[in-house]
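Each chain, letter by letter, is given below.
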Amino acid sequence: EKCVLGSAGCKTDVDQLRSVLDIKMKVYAHNHRKPMATPSVAQMLGNTLYYKRFFPYYAFNVLAGVDSEGKGAVYSYDAIGSFERTPFSASGSGQSFLIPLMDNVISHKNRLDEKRDLEAEEVVEIVKDAFITAGERDIYTGDAVEIMIIRSDGIQKELFQLKAD
């Protein structure tokens, strides 16, 4: 498995959506004898959300993984299945704090200095700083963030505590 789904919204809807996706991925793996590729999972998620558009899941999703070229792929969704591939994304109550910072630091928008490639470890530190900022300004941002580092050889998980009190 080379992709991770992050969801914000109603917990029961998120759990149901994940259950439906898990079943569809198992059926695909059984029929094709291989796991579903990240772009295929992205399309399947969009189709699944669109199918429920008249009574949608209250779930706002971000799918991240590795594509067939070994490059990172991030997909951002609305509740009814519209999605796009983006350099990064955020969802949930802290989104309004995270996106502008990532626009500046990751996408290099509105900056005059030269854009450079960032190592995974450096990006993790930027993400930690961004979540600390969101946690200080948004009461609904949780006490910890689970950071997933997705590479073509697997997924590394890191739990980072935001609040020490």
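What you see is a predicted model; the values in this text were computed from it and never measured.

Chemist: I keep staring at the overall build of the chain and nothing clicks. Help me out?
Modeler: Of regular secondary structure, the chain possesses 4 helices and 6 strands. Secondary structure elements of the chain, listed N to C terminal, follow the sequence β-α-α-β-β-β-α-α-β-β. Rg of the C-alpha trace for the chain: 17 Å, near the compact-globule value of 15 Å for 165 residues, within the 12% margin. Seen through its C-alpha atoms, the chain measures out along the principal axes to roughly 50 × 35 × 30 Å. Put simply, the chain has 165 residues, and 33% of those count as buried.

Chemist: Just to check I follow, could you spell out the pattern of salt bridges for this structure?
Modeler: Close approach of charged atoms lets side chains of opposite charge pair. Using the criterion set out here, one finds 11 salt bridges in the structure. Residue aspartate 22 is joined to lysine 26 by a salt bridge in which the shortest nitrogen-to-oxygen separation is 3.2 Å. You can see aspartate 22 and its partner lysine 26 sitting in helix 1 (residues 11-32), 4 residues apart, about one turn around the helix. For aspartate 22, a relative accessible area of 36% puts it in the partly exposed group.

Chemist: Looking at this model, I keep getting lost on the packing of aromatic side chains. Mind explaining?
Modeler: For any pair of aromatic rings, the description rests on two quantities: the centre-to-centre distance and the angle between the ring planes. Under the definition given, this model contains 3 aromatic pairs. For the ring pair tyrosine 58 and phenylalanine 60, a centre distance of 5.3 Å and an interplane angle of 85 degrees mean the geometry is edge-to-face. Among the aromatic residues, ring-to-ring pairing joins Tyr75, Tyr77 and Phe83 into one connected group. Lying across the ring of tyrosine 57, lysine 52 places its NZ or CZ 5.0 Å from the centre.

Chemist: What's the story with the packing of helix 1 against helix 2 (residues 38-51) in this structure? I'm lost.
Modeler: When two helices pack together, their arrangement is captured by the angle between the axes and the distance separating the axes. Running from N to C, helix 1 and helix 2 cross one another at 130 degrees; their axes reach a closest spacing of 11 Å. In terms of their interaxial angle, helix 1 and helix 2 are classed as oblique. Where helix 1 crosses over helix 2, the handedness of that crossing is right-handed. Across the interface between the two elements, Leu17, Val20, Leu21, Lys24 and Met25 of helix 1 pack against Val41, Met44, Leu45, Thr48 and Leu49 of helix 2. Here the contact of helix 1 with helix 2 is composed, by residue class, of 8 nonpolar, 1 polar and 1 charged.

Chemist: I would appreciate a short explanation of the sheet that holds strand 4 (residues 83-86) in the present structure.
Modeler: Pairing between the strands of a sheet is mediated by backbone hydrogen bonds and can be parallel or antiparallel. With respect to topology, 4 strands assemble into an open sheet ordered 1-2-3-4, the strand pairing being antiparallel. Here the strands that pair on one side only, and so sit at the sheet edges, are strand 1 (3-9) and strand 4. Direction aside, the axes of adjacent strands within the sheet are offset by 20 degrees on average. Here strand 3 (residues 72-77) runs beside strand 4; their pairing, made up of 4 bridges, is antiparallel. Bridge assignment links tyrosine 77 to a residue of strand 4, and that residue is phenylalanine 83. The strands touched by helix 1 are strand 1 and strand 2 (59-66); relative to strand 1, the strand with the most contacts, the crossing angle is about 155 degrees.

Chemist: Can you help me understand the nonpolar core in this one?
Modeler: Within soluble globular proteins, side chains that are nonpolar tend to cluster in buried spots. In this structure, Leu17, Val41, Leu45, Leu63 and Tyr77 are the most contacted members of the largest nonpolar core, which totals 19 residues. Looking at this core, the elements that each hand over two or more residues are strand 1, helix 1, helix 2, strand 2 and strand 3. Once you skip the residues sitting within four places of it in the chain, leucine 17 turns out to touch Leu45, Thr48, Leu49, Tyr57, Ala59 and Asn61. By size, the runner-up hydrophobic cluster in this structure holds 8 residues, among which are Phe88, Ala90, Ile106 and Ala130.

Reading the values: rules and limits
Residues numbered from 1 in each chain as written. Predicted model: local features only at pLDDT ≥ 70, side-chain atom pairs only at ≥ 80, totals over all residues. Heavy atoms only, no water. Helix = DSSP H or I, 4+ residues; strand = E, 2+ residues; numbered from the N terminus. Rg over C-alpha atoms; globule rule 2.2 N^0.38 Å. Buried < 20%, exposed > 50% of the residue type's maximum accessible area, 1.4 Å probe, protein only. Salt bridge = Lys/Arg side-chain N within 4 Å of Asp/Glu carboxyl O. Phe/Tyr/Trp six-rings, centres within 6.5 Å; stacked < 30°, edge-to-face > 60°. Lys NZ or Arg CZ within 6 Å of the ring centre and 35° of its normal. Axes fitted to C-alpha atoms, helices over the stretch in contact; angles between N-to-C directions. Parallel < 35°, antiparallel > 145°, perpendicular 65-115°, else oblique. Left-handed = near helix turned anticlockwise from the far one by under 90°. Contact = heavy atoms within 4.5 Å. Nonpolar A, V, L, I, M, F, W, Y, C, P; charged D, E, K, R; others polar. Pairing = 2+ DSSP bridges. Core = buried A, V, L, I, M, F, W, Y, C linked by side-chain atoms within 4.5 Å.

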